[in-house]
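# Observations on the model geometry
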Amino acid sequence: MTAAAGRPRRSTADRDRGSATIWVLTGTALLLVVTSAAVLLAAVAQARQRAAAAADLAALAAAASPPQQACATAARSAAANGARLLACTPADGDVSVRAAIPLPAAAAVFGAGWVSVSARAGPG
């Protein structure tokens, strides 16, 4: 009943006792990390879609306005959609714009604070 060192011998069941707790905790932690990454990616995708919509609407608004007011109109449209106008280039009736939307704070931790998208619109 005792081992050579004088200690009682343990059965295999006694040595494995509590291992299920470790596996459950590891699985829960892994699930938490994967879910957090998925939520973060969804937030970045949503910000990109919002930036694309703001850039498209700013380009359309600028193309529909007189050439001397195109960039001011694009800036107002971008601001109304929660974006910042980064660039505006009217040329030959077409207007190219670049708008940016801030990323959520959780995504900004990884270094990127803004997502920007370009759009172009014109009369035909």
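Residues numbered from 1 in each chain as written. Predicted model: local features only at pLDDT ≥ 70, side-chain atom pairs only at ≥ 80, totals over all residues. Heavy atoms only, no water.

The subject of this paragraph is the pairing of strand β1 (residues 84–91). Sheet analysis places β1 next to strand β2 (residues 94–102), joined by seven bridges and oriented antiparallel. Paired with C88 across the bridge in β2 is V97. (Pairing = 2+ DSSP bridges. Helix = DSSP H or I, 4+ residues; strand = E, 2+ residues; numbered from the N terminus.)

Here we come to unusual backbone geometry. Among all residues except glycine, the phi angle is most often negative; among peptide bonds, the trans geometry is most common. Look at D92: it is not a glycine, yet its phi comes out positive at around 55°. Relative to the helices and strands, D92 resides in the loop between β1 and β2. We classify D92 as exposed; its relative accessible area is 81%. (Buried < 20%, exposed > 50% of the residue type's maximum accessible area, 1.4 Å probe, protein only.)

A few words on the sheet that holds β1. Read from one edge to the other, the open sheet built from three strands follows the order β1-β2-β3, with strand pairing classed as antiparallel. Across the chains shown, the open sheet's two edge strands, defined by having one partner strand only, are β1 and β3 (114–121). Strand-to-strand twist in this sheet, taken as the mean axis angle between neighbours without regard to direction, amounts to 10°. Sheet strands in contact with helix α2 (residues 19–64) are β2 and β3, and its direction is about 35° off that of β3. Sitting on the sheet, helix α3 (residues 70–80) touches β1 and β2, and the angle it makes with β1 is about 150°. (Axes fitted to C-alpha atoms, helices over the stretch in contact; angles between N-to-C directions. Contact = heavy atoms within 4.5 Å.)

We now examine the nonpolar core. Within the largest apolar cluster, 21 residues are counted, with the highest numbers of intra-cluster contacts made by A83, V97 and V115. Contributing elements (two or more residues each) for this core: α2, α3, β2 and β3. Those residues in contact with V97 that sit more than four places away from it in its chain are A55, A58, A59, A74, L85, A87, C88, V117, S118 and A119. (Core = buried A, V, L, I, M, F, W, Y, C linked by side-chain atoms within 4.5 Å.)

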